[in-house]
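# Observations on chain architecture
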Amino acid sequence: MTVVGTLDELIQKLDTQRQIGNRLVPAVHEFEIDFDIDIPINLANYESRFPAGAKDALEFKSCKFSKTVNFKSNAVKLYIYDCHFEETNWNDVTFQNKVRMQSCHFHKPLILNNTVFEDLVDFWDTKFYEKVVFYKTDFEATVVFSLATFKQNLLFTYTRFARQVLLRGTVIEKGIDLSLAIIDGTLSIFDFKVPDFPALIENQTRLEYEVSVSEDGDIPIKNKRETLRIIRKAFEGNSDYINSLNYKKLELKTFDKILDYNIKISQDKWSNKFNRVILWLNRKSNDYGTRFEYGVLFTFRVGLIFFILIFLSTEEFWNRICLNCEIDLDVIAYTIKQFINYLNPVHSMDFIDEVRPIFGISYIFDFFGRIAVGYGIYQTVQAFRKYR
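Residues numbered from 1 in each chain as written. Predicted model: local features only at pLDDT ≥ 70, side-chain atom pairs only at ≥ 80, totals over all residues. Heavy atoms only, no water.

What follows covers the environment of G360. Following the sequence through the fold, G360 ends up in the loop between α9 (350-354) and α10 (361-384). G360 gets classed as partly exposed once you look at its relative accessible area, which sits at 23%. Between the C-alpha atom of G360 and that of S313, which follows or precedes it by 47 residues, the distance is 8.3 Å. (Helix = DSSP H or I, 4+ residues; strand = E, 2+ residues; numbered from the N terminus. Buried < 20%, exposed > 50% of the residue type's maximum accessible area, 1.4 Å probe, protein only.)

Attention now moves to the pattern of salt bridges. On inspection of all chains with the given rule, the structure shows 21 salt bridges. The shortest N-O distance in the salt bridge between K108 and E87 comes to 3.6 Å. Here the residue K108 occupies a position in the loop between β15 (105-106) and β16 (110-113), and E87 occupies one in the loop between β11 (84-85) and β12 (88-89), the gap between them amounting to 21 residues. Residue classification places K108 among the partly exposed residues on the basis of a relative accessible area of 32%. Overall, E87 belongs to the partly exposed group, its relative accessible area being 39%. As a salt-bridge pair, D196 and K257 come within 3.9 Å of each other at their nearest N and O atoms. Here K257 lies in helix α4 (residues 241-264) and D196 lies in the loop between β30 (186-190) and α2 (206-216), a separation of 61 residues in the sequence. According to the relative accessible area criterion, D196 is partly exposed, its value standing at 34%. (Salt bridge = Lys/Arg side-chain N within 4 Å of Asp/Glu carboxyl O.)

Over its 18 residues, helix α5 (residues 269-286) extends 26 Å from the first C-alpha to the last, a length consistent with the 26 Å expected when each residue adds 1.5 Å. When α5 is considered as a whole, its buried residues turn out to be N272, L279, S285 and N286. Summarising the axial view, the buried residues of α5 lie within an arc of 160°, below the 170-degree limit, and thus occupy one face. Among the exposed residues of α5, those oriented more than 90 degrees off its buried face are W270 and F274. Contact partners of the buried residues in α5: α4, α6 (292-312) and α10. Positive phi appears at D287, one or two residues downstream of α5, with a value of about 50°. (Expected span 1.5 Å × (residues − 1). Arc of directions from axis to C-beta. Contact = heavy atoms within 4.5 Å.)

Dropping the structure here:
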């Protein structure tokens with residue numbers, strides 16, 4: 001790869017015979033550009049080199065930008081393929097034409113501030129090795145992140161999507177924040193996975209919060225929860241209920257962490273404890289609506305617990321208890337029969353009358369047992385309906 005140290009040298013090495021469609025487009029191929037460069041290049045002073053070439057298009061291919069790249073407002077169609085970038089500056093830039101950055105590599109943090117893309121922008125198969133923050137960025141047309149890889153956090157802070165966002169095969173290795181995005185268009189999601197990424201859980205002042213989401217590239221836990229909800233709704237909107245279940249599960253797990261933190265700082269302590277109990281029951285009974293076998297086991301376990309408590313609070317049990325006696329198969333068969341019958345929430349209470357409850361305590365256990373077993377059966381059915 002040839003190293004180029006000045007703009008004049010780069011201009012002299014421009015390929016003026018590169019044809020895209022039916023036009024000649026100025027092209028830069030396989031150079032290491034070792035100086036600060038503005039893109040697009042101002043070709044006005046070099047027009048004599050390519051009089052027949054397009055004035056509204058420019059191509060870079062297989063180049064390495066060792067120094068800072070400053071993007072400038074323009075109406076030029078940019079074709080940038082398989083290029084490596086270090087420092088870049090996108091602030092207060094308006095791109096009026098299409099921008100294609102395919103199979104590129106961004107090795108430093110990327111923060112776009114007040115950037116406007118009026119036409120298509122395509123980051124297909126591009127890799128971002130550090131944090132990426134789109135801050136107050138406007139995508140007025142379709143934006144493509146298909147097959148792109150984000151190795152650190154990706155944030156869309158106060159960013160507007162006017163049309164379609166393509167997240168097909170996009171790889172999120174750490175975290176993503178869509179909670180503050182203004183989504184006027186649609187999220188097109190397919191073969192898209194987000195891990196249970198770490199998030200900031202500590203309380204922040206408004207200023208600390210703004211710095212986190214606009215400069216530091218950190219994702220507060222409330223943003224994480226909202227992002228998971230947005231992704232879940234996007235899958236549901238596509239009738240992809242199978243994938244939506246994963247994000248429902250992650251959303252509720254995140255909510256549980258929020259409740260736990262609120263309890264620790266004594267914020268609505270009892271209300272949050274009650275909500276955590278509900279989430280715990282959801283997790284144990286069907287793993288947030290995803291595992292029917294959890295429901296079966298839950299129903300069996302709670303049924304067995306209350307069934308035992310009913311018998312422990314009866315006179316018949318304590319009168320008949322005998323640790324050294326031989327096993328009575330008839331008693332075992334009777335007990336199993338009554339237990340299976342007990343798993344029916346509308347079972348008869350005759351068997352309780354027969355074993356003479358102590359102070360009616362058995363009826364109390366029977367009442368709560370019916371609720372627990374009925375809940376377990378409901379949760380089992382809900383998990384069976386997870387695919388709608």
